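Here is what each chain is made of, one letter per residue.
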Amino acid sequence: MTVSLTEVRSGPELKIWVKLPLALYRGDPRFVPQLIGDEIDFFTASKNPSFGMADTRLILAWQNGRPVGRVGGVINRAETEKLGYRRGRFGWFECIDDPAVARALLDHLQAWFVRESCREMTGPHGFTDLDPEGLLVEGFDAQPTIAGSYNKPYYASLIEALGFEKQVDYIETRIEFPQELPPLFQMMEKKVLPAARADGYRLVEGLTKKRVVEYAGQFWEVLEASFEHLYGVTPLSLDQRKFYQKRYFGYIDPRFLKLAVDGSGKLQGFFLGLPSLSRPFQRAKGRLWPLGFFHILRGFKQFDTVDFYFAGVHPQANSKKVFPLMALGMWYALKAAGVRYIETNRELETNMAVVNIWSRYNVVNRRRSRIFRKNLHPSD
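A. Looking closely at the overall build of the protein chain. The helix and strand inventory of the protein chain stands at 13 helices and 14 strands. For a compact globule of 380 residues, the expected C-alpha radius of gyration is about 21 Å, and the protein chain comes in at 21 Å, within 12% of that figure. Viewed in the frame of its principal axes, the protein chain has a C-alpha envelope of about 65 × 45 × 35 Å. Residue burial in the protein chain is summarised as follows: out of 380 residues, 54% are buried.

Take a look at the structure:
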């Protein structure tokens, strides 16, 4: 069956591109739809400053007059400067179970990347590591977080058939929250905590949403400094920081944000969790109004799971003192909230120090997502 491609250039075309997953995953109990309005804003060049930092194309695939696939292509100029060569990113890939559709979409981007002298093509990921990334390859029966990867099981086969190979995997782990302070934490409370306080480190007390915003500038500085060396991380412009802050900070629950400062009050580390909103987002069905707002608001009050999103320590700080300080603070916050489960978000499988931490506890399930790579210059 013939596949035709169009590039998104208008508001109505963007709506089709954004809403395609709602049709592809209709009836799927694990699919967590994003809010349509937020997605349209995200993919509108005049609203998202990431478009000004990259060359971007949004592509739709059609068969018999109906949309059957989509993909986005990005060449991030900040990433080019960091790497010293051009990398073509593909992301937001969605497709019916048809190799011809997948080939049309990804071959189209590949041809563009080759013309732009890209050395490699990798994905799925977005403009930055703060966007959705990774293709789910294991753990399809587990409920994803609102930021976690989810896709049909056949997606990996479609991509691998086009010559893509594994670049790196991320692990997401669901564990039972230990109701009694674990032995490791007991040791930290007895030995590490006094040493951290002796060095002047402390947690910011009495956080409110207003006070969280006061630390926003320092938060971004610590995040970029601590994540800079990780795979796929790109520098953020000031406008991008403001954009992501507006997009995500409204969801922060101050109870589950632990900020560690030094003796002068300067931020040295952060640990961010969020009540699980997967079920509320499913009930919202992509729409904030009329009932989506109610479901999400209730999700902040009625939950048994907290999703862990980010944890970072400034490279110049003593991570062996700062991180335990934040981890202990988080444990007591989770205990006070009556949490039963913890859900981690993307952690590199090579980060054994973190992966092994969760293995100490009762693991409920694990999800594995993958970044694929294709070499665009066979001689390299």
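B. Here's a closer look at the packing of helix H6 (residues 183–198) against helix H12 (residues 319–336). Between H6 and H12, whose axes approach to 9 Å, the crossing angle comes to 125°. In terms of orientation, H6 lies oblique with respect to H12. Like other packed secondary-structure pairs, H6 and H12 cross with a definite hand, here left-handed. Across the interface between the two elements, Phe185, Met188, Glu189, Val192, Leu193, Ala195 and Ala196 of H6 pack against Lys320, Lys321, Pro324, Leu325, Ala327, Leu328, Trp331 and Tyr332 of H12. Here the residues of the contact of H6 with H12 are counted per class, giving 12 nonpolar, no polar and 3 charged.

C. Layout of the layout of surface pockets. Here the second largest pocket defines a volume of roughly 310 Å³. Lining the second largest pocket are 18 residues, and of these Ser276, Ser278, Arg279, Pro280 and Asp304 lie nearest its centre. At the level of secondary structure, the elements contributing two or more residues to the lining of the second largest pocket comprise helix H10 (278–284), helix H11 (292–299) and strand E11 (305–313). With 4 residues, the single largest contributor to the lining of the second largest pocket is H10. Partitioned by chemical class, the residues of the lining of the second largest pocket number 3 nonpolar, 8 polar and 7 charged.

D. Main features of the packing of aromatic side chains. Inspection of every chain in the model, using the stated rule, returns 31 aromatic pairs. Ring geometry for Phe219 and Trp220: centres 5.4 Å apart, planes at 80°, overall edge-to-face. Feature note: the residues Trp17, Phe42, Phe43, Phe51, Trp92, Phe127, Phe243, Tyr244 and Tyr248 constitute an aromatic cluster, connected by ring pairs. When the ring centre of Trp17 is taken as origin, the NZ or CZ atom of Arg70, which lies over that ring, is 4.1 Å away.

E. Molecular detail of the pattern of salt bridges. If you walk through the whole model with that rule in mind, you get 23 salt bridges. Between Glu7 and Arg9 there is a salt bridge; the shortest N-O distance is 3.2 Å. The salt bridge partner of Glu224 is Arg241, with a shortest N-O separation of 3.0 Å. In this pair, Glu224 sits in helix H8 (residues 216–227) while Arg241 sits in helix H9 (residues 238–248), placing the two residues 17 residues apart along the sequence.

Conventions adopted
Residues numbered from 1 in each chain as written. Predicted model: local features only at pLDDT ≥ 70, side-chain atom pairs only at ≥ 80, totals over all residues. Heavy atoms only, no water. Helix = DSSP H or I, 4+ residues; strand = E, 2+ residues; numbered from the N terminus. Rg over C-alpha atoms; globule rule 2.2 N^0.38 Å. Buried < 20%, exposed > 50% of the residue type's maximum accessible area, 1.4 Å probe, protein only. Axes fitted to C-alpha atoms, helices over the stretch in contact; angles between N-to-C directions. Parallel < 35°, antiparallel > 145°, perpendicular 65-115°, else oblique. Left-handed = near helix turned anticlockwise from the far one by under 90°. Contact = heavy atoms within 4.5 Å. Nonpolar A, V, L, I, M, F, W, Y, C, P; charged D, E, K, R; others polar. 1 Å grid on protein atoms, 1.4 Å probe; cavity = no way out; pocket = protein on both sides within 12 Å on 5 of 7 lines; lining within 4 Å. Points joined across faces, edges and corners; volume = space filled by probe spheres on them. Phe/Tyr/Trp six-rings, centres within 6.5 Å; stacked < 30°, edge-to-face > 60°. Lys NZ or Arg CZ within 6 Å of the ring centre and 35° of its normal. Salt bridge = Lys/Arg side-chain N within 4 Å of Asp/Glu carboxyl O.

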